[in-house]
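# A look at the structure
Read off the chains here:
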Amino acid sequence: MKVAYYPGCVAKGGAPELYRSVKLILEPLGIEPTELFDAACTGAGVLTERNPLLADALNARTFAMAERRDMPVLTICSTCTGTMLACNARLQDEGNRARVNELLAPERYTYNGTTVIKHLLWMLVEDVGLERVAQLVKRPLRGLRAAPFYGCYLIRPSSLVGDEHPDRDLYLERLISTLGAEPVKYEGARKCCGFPVITMNRAAGLRMTGRNIQDAKEHGADLMVTPCPLCHLNLDGQQAEASQALGTPLGVPILHLPQLIALAFGHSPAEVGLGHHVVPAQGPLGRLLQAAAAGAS
Amino acid sequence: MEVHLRVQRFHPQVDAEPHWQEYRVEVPEHATVLDALLAARDEQDETLTLRCSCRSHICGSCVMKVNGTSCLGCKTKVSHARKRLAAGEPIRVAPAGNLPVVKDLAVDLEVFFGKVKAIEPYLQPDGPPPEREYLVPNEAMLTVREAMACILCGCCVSECNSLEVEPRFLGPAALAKAWRFTEDPRDAADRHRLEFVSAPGGIWDCTHCFACVEVCPKDVKPMERILELRRRAMEAGFTDNNGARHSQAFADTIAESGWLDETRVLSRSLRGLPELLEWAPVGMRALLRGKMPLRHRRLSGAKQIRAIFAAAQRRSGEPPREHAPGR
């Protein structure tokens, strides 16, 4: 299927390993991306809170790009997804759309309200199908205990996310199982990573990050996996500080969802960019994958 | 039908730790979790403590966590609570989160109401009172009315992700209440309230997780009110804080290059050198791991994005800002 691919700012900035691992998996999954190189940042909710009209206009421009191509927007970030969904919901109202189209007209864009926004996780479950994903698994991640960490905007508000798909808050567990790994059950899976307050109240943000990692660890997680690169910035990039804030050692590798998929599809830890991680992931993952392979044979 | 409950019990003066206790009760198909709990108490165990009054989601007394999610026990059907449980798995009932337990499911609301009182939840009109009632246009009250639906049950506070780690946070209920008065055309204490909620523990401590929006039984959408308070506070000039600086830096980088320059937004959000130094190890590690782009390139559509940006600002009356020519 053809998609208008919107990687988002972090995949093109602070998380190059995410961008790289998505490239590895789209083709085998039968997803043909046309990257929207020119699309603006969604504003991550920050612009919406300053000026909703402004956020709606910038996102409508992106939706119009996809609409022209008759493709859904493929996102790989929970925050981009949530921000876009909220704008798109407002843009279903004809009055709102007309106001926005007036702003887009000088730049020759019109949005008719038809674009569908899908995070990769949703596309895998709803469009590609987990059966097909299972067929592509060359290295089942047997014995690996992976803690899902959704990122708020893939599951809340349910009025935007789950109206037609009430089980979206269970997809990550299903996908982890499909890849052969064991999903860890713990309360933190659906909590906030603390990133949105990290510049405003760093101590609180770090405690949030740390508590979720600790929760996953205490429930036996070998690693955590997230479909949101902003969560990753905190869970991986500031795990050392989170550990200090809690006064307890953590040391849990944090994988982007596409990395876990690519590993199960047979790619090496180096290929999925684990060397970019702040919490050492390449060594531990290599050992875990070896153990999984030994267990399987 | 038979309902299998697993209830968290705790008597702080007697028990060292909370423990779980199971009950099996017979209730009608349409029963709520509260009905089941009351049946357990009335028929089997009168020591089980819980609070309730109206039983029809008006009084807001029976906040609790059912299967880990905050709700009113009287608004949650047993049939609904069972939906995602495996066969034979009991419905878990625990006291509300972020509030101290008095006993079992009864929590202490003193801090909760203290925070609501702190935002001065009453009208403070300016000037002499009118001869008769205050008259307001109907449309001015339409949105205010949504927040007036709050019954102060505490579901939002129980579920709040920020409160779990920041007890100073005023929390969603008090801030939604602050918004309700800020929006009320009869009230004249806007600046005073906006200044108060802009301080640490106020609007900028909300982590934007939607948990309160999700559980509010009256659809008050507390988080969205908090975000509107942020806009009002910035408009009123309360911008000497990391939240407002972050917001401005974020908007500036998009206006200039079309997308987010993470490094720049971070450095412009912080207050001075001490905070920057606090962040230095994070930056160093990111740099060493190839996670910090040294050059932020403009998108090819940056000019177009800036034009739409400026047009939207003009249309919504936001004062335009001179943008440095980017890097």
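Here the structure is a predicted model, which is why all the values come from computation and not from measurement.

As a further point, take the interface of chain A and chain B. Interfaces are frequently sized by the accessible area removed from exposure as the parts join. Chain A puts 67 residues into the contact, and the matching count from chain B is 58 residues. A combined buried area of about 5500 Å² lies between chain A and chain B, and 55% of that area is made up of carbon and sulfur atoms. By the criterion of area lost to chain B, the three top residues of chain A are Glu49, Arg50 and Thr199 of chain A, representing 15% of everything that side buries. Inspection of the region where chain A meets chain B yields 9 salt bridges. With a shortest N-O distance of 3.1 Å, Glu49 of chain A and Arg230 of chain B are connected by a salt bridge. Seen at the junction of chain A and chain B, the total is 32 residue pairs in polar contact (both at pLDDT 80 or more). Those elements that place two or more of their residues in the side of chain A that touches chain B are α1 (9-12), α2 (16-26), α3 (46-50), α4 (52-69), α6 (94-104), α11 (202-218), α12 (229-235) and α13 (239-246) of chain A.

Another point: the environment of Ile151 of chain B. If you trace the backbone, Ile151 of chain B turns up in the loop between α4 (138-148) and α5 (155-159). In this structure Ile151 of chain B touches His57, Ile58, Cys59, Gly60, Leu72 and Lys218 of chain B, once residues within four positions along its chain are discounted.

On to unusual backbone geometry. Of the consecutive residues Arg156 of chain A and Pro157 of chain A, the connecting peptide bond is found in the cis state with omega at -10°. Of note, Pro157 of chain A is situated in the loop between β5 (145-148) and α9 (158-161). Residue Asp104 of chain B is not a glycine yet carries a positive backbone phi of 50°. Judged by relative accessible area, Asp104 of chain B falls into the buried class, the value being 2%. Here the phi dihedral of Phe210 of chain B falls at roughly 70°; this positive angle occurs in a residue that is not glycine. Counting through the fold element by element, Phe210 of chain B comes out in the loop between α7 (190-198) and α8 (211-215).

What follows concerns the packing of aromatic side chains. Residues and elements named next belong to chain A. According to the stated counting rule, one finds 4 aromatic pairs over all chains in the structure shown. Aromatic side chains Phe63 and Tyr111 sit 5.4 Å apart centroid to centroid with 55° between the ring planes, which places their arrangement in the tilted category. One end of the pair, Phe63, is in helix α4; the other, Tyr111, is in the loop between α6 and β4 (117-119), with 48 residues separating them in the sequence. For Phe63, a relative accessible area of 0% puts it in the buried group. Tyr111 gets classed as buried once you look at its relative accessible area, which sits at 1%.

Residues and elements named next belong to chain A. Read across the sheet, 4 strands follow the order β2-β1-β3-β4 without closing on themselves; strand pairing throughout is parallel. Looking at the sheet topology across the chains shown, the edges are occupied by β2 (32-35) and β4. Averaged over all pairs of adjacent strands, the angle between their axes in this sheet comes to 40°, without regard to strand direction. Taken together, the 4 bridges between strand β1 (residues 2-6) and β2 define a ladder with parallel strand orientation. Each residue of the ladder has a partner; that of Val3, found in β2, is Pro33. The sheet strands contacting helix α5 (residues 78-90) are β1, β3 (73-75) and β4, and the helix crosses β4 at an angle near 160°.

The next thing to look at is the sheet that holds strand β4 (residues 69-72) of chain B. Residues and elements named next belong to chain B. Across the sheet, which stays open at both edges, the 5 strands sit in the order β2-β1-β5-β3-β4 with mixed pairing between neighbours. Both outer strands of the open sheet, β2 (19-26) and β4, are each paired with one neighbouring strand and no more. Averaged over all pairs of adjacent strands, the angle between their axes in this sheet comes to 35°, without regard to strand direction. Pairing of strand β1 (residues 2-9) with β2 involves 8 bridges; the strand directions are antiparallel. Note on β2: the bridge partner recorded for Gln8 is Trp20.

A low pLDDT means the predicted coordinates there should not be read in detail. This prediction gives chain B a mean pLDDT of 95; 98% of its residues lie at or above 70. For this predicted complex, the interface score ipTM comes out at 0.95, while the overall pTM is 0.95.

Our next topic: the pattern of salt bridges. According to the stated counting rule, one finds 37 salt bridges over all chains in the structure shown. A salt bridge links Arg180 of chain B to Asp184 of chain B, with the shortest nitrogen-to-oxygen separation between them at 3.0 Å. What makes Arg180 of chain B buried here is its relative accessible area of 8%. A relative accessible area of 1% places Asp184 of chain B in the buried class. Among the ionic contacts, a cluster of salt bridges with common partners joins Lys118, Glu126, Asp127 and Arg168 of chain A.

Reading the values: the criteria
Residues numbered from 1 in each chain as written. Chains lettered and ligands numbered in written order. Predicted model: local features only at pLDDT ≥ 70, side-chain atom pairs only at ≥ 80, totals over all residues. Heavy atoms only, no water. Contact = heavy atoms within 4.5 Å. Buried area = accessible area lost by both parts, 1.4 Å probe. Salt bridge = Lys/Arg side-chain N within 4 Å of Asp/Glu carboxyl O. Polar contact = N/O pair within 3.5 Å; in protein donor to acceptor, adjacent residues only side chain to side chain. Helix = DSSP H or I, 4+ residues; strand = E, 2+ residues; numbered from the N terminus. Buried < 20%, exposed > 50% of the residue type's maximum accessible area, 1.4 Å probe, protein only. Phe/Tyr/Trp six-rings, centres within 6.5 Å; stacked < 30°, edge-to-face > 60°. Pairing = 2+ DSSP bridges. Axes fitted to C-alpha atoms, helices over the stretch in contact; angles between N-to-C directions. pLDDT = per-residue confidence, 0-100.

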